[in-house]
Each structure stands twice: as C-alpha cells, then as structure tokens.
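For reference, the chains in residue letters:
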Amino acid sequence: MIQTIGVLTSGGDAPGMNAAIRAVVRAGCANGLRVMGIQRGFQGLIDGEIKELTARDVSDTLQRGGTFLQSARCKAFMEEAGIVRAIEVARVFGIDAVVVIGGDGSFRGARDMSRLGMTAVGIPGTIDNDINCTEYTIGYDTALNTAMDAIDKIRDTISSHQRCSIVEVMGRGAGHIALSLSIANGAEAVIVPEKDFSIDEDVIKPIFACRNRGKKHYIIILAEGVGKAEEIKAAIHEKTGIEARISVLGYIQRGGSPTARDRMEASRMGAHAVEILLRGCDSRIVALQNGEITDIPIEEALNMKKSISESDLALTRILST
Ligand code: F6P
C-alpha cells in the first residue's frame, strides 16, 4: 500500500506544470496520502532536496508559468548507479512512489526507476506535444497561443514592408508546434523535420504561387529541428528578390501563465496520476485519448515516434493560397 508519494518536474519546463503538481498534491492529500515535493527533478532526488507539500503549500500556483519545484536535465540518471542512489534517497524520505512530470527523457528515467524497484508514473508535460499515444501534453496550448500572438505581430511588420518572415519555433525533433501554427497564423509554408523538403519545391514555389495571386508578404514557419534558417533566407532573396528576416521565438514559447486548456488538462492529469497509484499500478503514464483521460504503459509511449498530421499539412497548403 502506497502511503507517501514524491512529485517532481523534469526536462524543459512547460506552462501548466504547477497546475499538475497542485493536482497531485491535493488529490493525494484528499486520499490520505503524504506528498513530498522534490526540487530540481531527478538531480534534486539524488541530492535529497525534498520536503513535504500540504494542500495549502500549493495555493496560488495554478496560474503561474514555469515550475515552482524547478527542473533540471540530470546526467547521473543515465547511469544505473545514479538511479539506485535516487531510490535509496527516496526511501530515506519514506517515499514509496514517484510522479514524474516531463517529456520522453523524463519517462525513461521513470521507467528505469520502476525497473529497479521504485513505483513510478508519468504525466506528459512538454510544449512539444511529441509523446506517442497521447493527444496532448501539458504546455502545448500555452506555447501555441504565445507563439501565435508573436507571429501576428511579426505579420504586421512584414505586411507593412512587403517582406518574408522565417519564424523558427521550438519542438526539438518534432514539428507539431510548427504545423499547428501554420494553420493558426495562416502561413504560406511550413517546414517540419518529419518530412523531407527542398527549398525550391517547398519554399520558393509557394512564394511564387502566392505572389502570382497578389500576395505581398509571406510567413514561413520553420521547426527548429530542421535548422537551415540562414540557407532558406539566402535562397529566398536570391531566387525571388524578396527581403527575408529570421525570427527565432525561443524561450518566449515556454514561459507565461498557462491557458485555461493547460490548467484543466494538467489538473485532470495530476489527479489521474494519483488514481493510477491508488489502483496499485506502476510504470504507466497519463494520456489523453479520444478526448478522455486514461493511462498507458510507459514503454508504449516511448516505443514509437508520434507521427505528424498529414491532413493538417494538406490543410496548410490549401489555405495558404
Ligand atoms: O522540450 C522542450 C524544449 O523547449 C524543446 O522544444 C527545445 O528543443 C528544448 O526544450 C530546449 O531545451 P533547453 O531547455 O535545454 O534549452
């Protein structure tokens, strides 16, 4: 029987992580569990940066961006010795299960802990929305809305100057953020790492096609995993004569107060993680499937790369005309 759970955030922070921590703490307390907050992810677990969180300790956190538990990328967790040490420290604090909020790297850590004897479950928290088997990851909606506002502002300027803007957005090796924004911002082209591309076919040709239809400014959304922003900029200038500017949105996409959607999904997911533990399950992550909160084995989420939406790609092409 689980009596004390630890909760940590790991990897890149994402808006809504605080809402998820709050839900784990309050759902845990409501079910008679003790909840321990672990600072700085797996590194803080190894270093024993752990203290009890009561329902009151998570007041005034729901609306805050980032993660008040802080996060870290932990090299020691790549080695079995680091994980064994973390489990020993967790036991000293009386922890018998850990809730890990993070992305795929963090879930590997959770799976490894569970293989070595510590019950662990995961909550998908990353702006990238790149976890297989879940339609949603905490932070995605806020990141999209923040980037969408920024690109709307860029549009005002490129429209005034009849220029082209190459906007590089985050997503690591995935193009979900870029693709969603290409629809939300009405981009002329989108380039994602999941698809091979040629500058002539996928950038220059759409620019000429749009120019022939009377367009005077162009937005190209580029997922960071592709790189090549400078190459694309130079080709646009050389082949079309249009002036291009690169804007890298960077960390602005990771910060800020979470949207209603992120607060709600994070709250549901946090409470569900506690439910998984109360059922006596191990090595599972919370997932959103067909709009419903459920849970799946961590291994299933890690085994396959999430595919990009072909219909959204086709939609961007149609609507950019
Ligand atoms: O996973 C979230 C993310 O913001 C990615 O989109 C990005 O590639 C990466 O983290 C950046 O990582 P770091 O926090 O090390 O700058």
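Our subject is the structure that appears above.
Nothing here was measured: the structure is a model prediction, and the numbers come from that model.

**Thoughts on the environment of Asp282**
Thought 1: With respect to the helices and strands, the residue Asp282 is situated in the loop between α9 (260-278) and β10 (284-289).
Thought 2: With a relative accessible area of 32%, Asp282 lands in the partly exposed category.
Thought 3: Setting aside residues up to four positions removed in sequence, Asp282 forms contacts with Ser114, Met118, Thr119 and Ala120.

**Regarding the site of the ligand**
Thought 1: Every residue close to the ligand is listed here: Arg73, Thr126, Ile127, Asp128, Met170, Gly171, Arg172, Glu224, Tyr251 and Arg254.
Thought 2: Here an oxygen atom of the ligand sits 3.0 Å away from a polar atom, N or O, in the side chain of Arg73.
Thought 3: The backbone of Gly171 places a nitrogen or oxygen atom 3.0 Å from an oxygen atom of the ligand.
Thought 4: Here the ligand, which alone exposes 400 Å², has 77% of that area covered by the protein.
Thought 5: Spatially, the ligand is embedded in the largest pocket.
Thought 6: Here the shell around the ligand is composed, by residue class, of three nonpolar, two polar and five charged.

**Regarding the pattern of salt bridges**
Thought 1: By the definition in use, this model includes 19 salt bridges.
Thought 2: Residue Arg85 is joined to Glu88 by a salt bridge in which the shortest nitrogen-to-oxygen separation is 3.4 Å. Here the residue Arg85 and the residue Glu88 both occupy positions in helix α3 (residues 80-92), the gap between them amounting to three residues, near one helical turn.
Thought 3: Under the relative-accessibility criterion, Arg85 is labelled partly exposed at 42%.

**Remarks on the packing of aromatic side chains**
Thought 1: Within this structure, the stated rule accounts for two aromatic pairs.
Thought 2: Taking 6.3 Å as the distance between ring centres and 75° as the angle between the ring planes, the aromatic pair formed by Tyr136 and Tyr140 counts as edge-to-face.
Thought 3: Residue Tyr136 is classed as buried on the basis of its relative accessible area, which comes to 1%.
Thought 4: Judged by relative accessible area, Tyr140 falls into the buried class, the value being 9%.
Thought 5: Against the face of Tyr136 rests Arg261, its NZ or CZ located 4.0 Å from the ring centre.

Conventions and cut-offs
Residues numbered from 1 in each chain as written. Predicted model: local features only at pLDDT ≥ 70, side-chain atom pairs only at ≥ 80, totals over all residues. Heavy atoms only, no water. Helix = DSSP H or I, 4+ residues; strand = E, 2+ residues; numbered from the N terminus. Buried < 20%, exposed > 50% of the residue type's maximum accessible area, 1.4 Å probe, protein only. Contact = heavy atoms within 4.5 Å. Near = heavy atom within 4 Å. Polar contact = N/O pair within 3.5 Å; in protein donor to acceptor, adjacent residues only side chain to side chain. Areas by Shrake-Rupley, 256 points an atom, 1.4 Å probe, with all protein chains shown as cover. 1 Å grid on protein atoms, 1.4 Å probe; cavity = no way out; pocket = protein on both sides within 12 Å on 5 of 7 lines; lining within 4 Å. Sits in = over half its atoms within 2 Å of the grid points. Nonpolar A, V, L, I, M, F, W, Y, C, P; charged D, E, K, R; others polar. Salt bridge = Lys/Arg side-chain N within 4 Å of Asp/Glu carboxyl O. Phe/Tyr/Trp six-rings, centres within 6.5 Å; stacked < 30°, edge-to-face > 60°. Lys NZ or Arg CZ within 6 Å of the ring centre and 35° of its normal.

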